[in-house]
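The primary structure of each chain is shown beneath.
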Amino acid sequence: MNLHLTDTIQMPDHQLRRQVIDLCNKVGKPLLKLSTKDYVDNGLGHLVEQFQGQAGLVNIEVFNELQHTITGWPGGKPNVDDSTRPERALPYPKRVVVFSPHPDDDVISMGGTIRRLMQQGHDVHIAYETSGDIAVGDEEVRRFMHFINGFNTIFANGSDEVIKHSYQVVKAFIKNKKDGDLDNEQILRLKGLIRRGEARLACEYNGIDSKHIHFLDLPFYESGRIEKLPMTERDVEPIRALLEEIQPHQVYVAADLADPHGTHRKCTDAVLAALDEIKNPGGSYCPSRGGLYSSSSPSMEGQEGSWLKDCRVWMYRGAWAEWDVADIEMCVPMSPEELREKRNAILRHQSQMESAPFLGDDERLFWQRAEDRNRETARRYDQLGLACYEAMEAFVEYRF
């Protein structure tokens, strides 16, 4: 099975917003300072005509649209009018599943939002889709093996023969490893264990219960190489099972399709395929239609998967790209302190700092990329004349 549901993702049709924002950027003015002359001189006089010939009405319309994307309550604010908020007030609290392609994408991409959701009492689960083992350097394995060997010496007088033997085997493998050599299964499992430990530390820092941390280890990733295996139903099934078990009101999924190694795209495809299967139980696969479908299109009422009617899917981006402001449908602001807390969670992923093998051509570390991206989003909102925040995390709703 070859699923490519990410090819069917459509950006929201915010044509008015897009045109007016482009005009702001072109003339160097915030929204509320655009004049009729600005519109007419740039071929957009017809927009003014649609609003009773008043440029101010166009400006206010787009200003309010963007203003309503900003929320400090990503899970919805209970007991308030939610008609202009990006998320509904009820149900409260919400069950939330955050799907993270690698064991650090959650905090890199939406660490501030995760902390908000926790602080506001929502039931948050983090699902790590791949082990991330190939992104761990050999020096990290040596560091942990030295610790284990030292632990054995201090507390067991070096009597644990399994530790002593394994230490020597791993030490010899890494010492004799040449450029281009693949790790064996034992080394990959150790590297995966390192990343699991880091993910648990980051989740603990954000207050997430250990029972709400899920390591899916999708099979497509376990090739031991940069090039991954094709995604199949075996990758979709554990995601579908987790969703059916939790029955969330919110799902957050990576849409950072610029990831150079393609892992994010495959992970997103797997989540969207799982949602499609739940929505259309018993459907059959049709590549030309982008995924699974049921010819009879049965109602979900009274059926398994009916919880989907009350579930919203929010797409985030991370270290590689950001949403265009015109596409953003929910934007969560952060104060300087909250941005620092986000950085602290990212730093729990120590193996992904300077020694990470796949940082790419961008010399910035992942926490630096995240902060720069979030500050840039806030700067763009500020330039348009909206509230000025330290940083912002942005989301687009996936409608299925």
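Look a little higher up for the structure.
Quick look at the structure, then. (Residues numbered from 1 in each chain as written. Predicted model: local features only at pLDDT ≥ 70, side-chain atom pairs only at ≥ 80, totals over all residues. Heavy atoms only, no water.)

Right, let's get into the overall build of the chain. Within the chain, the secondary structure is distributed over 12 helices and 9 strands. When the 400 residues of the chain are sorted by exposure, 50% land in the buried category. A separation of at least 24 residues holds for 74% of the contacts in the chain among residues at least 6 apart in sequence. (Helix = DSSP H or I, 4+ residues; strand = E, 2+ residues; numbered from the N terminus. Buried < 20%, exposed > 50% of the residue type's maximum accessible area, 1.4 Å probe, protein only. Contact = heavy atoms within 4.5 Å.)

With that out of the way, let us pick up the sheet that holds strand β2 (residues 123-128). Taken in spatial order, the 7 strands make up an open sheet running β3-β2-β1-β4-β7-β9-β8, and their pairing is mixed. Only two strands of the sheet have a single neighbouring strand rather than two, namely β3 (213-215) and β8 (330-334). On average, adjacent strands in this sheet sit at an angle of 25° to one another, irrespective of strand direction. Note: strand β1 (residues 95-100) against strand β4 (residues 250-254), 3 bridges, orientation parallel. Bridge pairing in β4 links V96 to Q250. (Pairing = 2+ DSSP bridges. Axes fitted to C-alpha atoms, helices over the stretch in contact; angles between N-to-C directions.)

Here the focus is the pattern of salt bridges. Counted according to the given criterion, the structure contains 29 salt bridges. The shortest N-O distance in the salt bridge between D138 and K191 comes to 2.9 Å. A residue pair is termed long-range when its members are at least 10 positions apart, and D138 in helix α6 (residues 138-156) and K191 in helix α8 (residues 185-205) qualify at 53 residues. The shortest N-O distance in the salt bridge between E390 and R375 comes to 3.0 Å. With E390 in the loop between α12 (366-383) and β9 (391-398) and R375 in helix α12, this residue pair connects regions lying 15 residues apart in the sequence. Here E390 falls in the partly exposed class, since its relative accessible area comes to 29%. Each of the salt bridges in this network shares a partner with another, and the network as a whole consists of E87, R88, D310 and R312. (Salt bridge = Lys/Arg side-chain N within 4 Å of Asp/Glu carboxyl O.)

These figures capture arrangement, not role.
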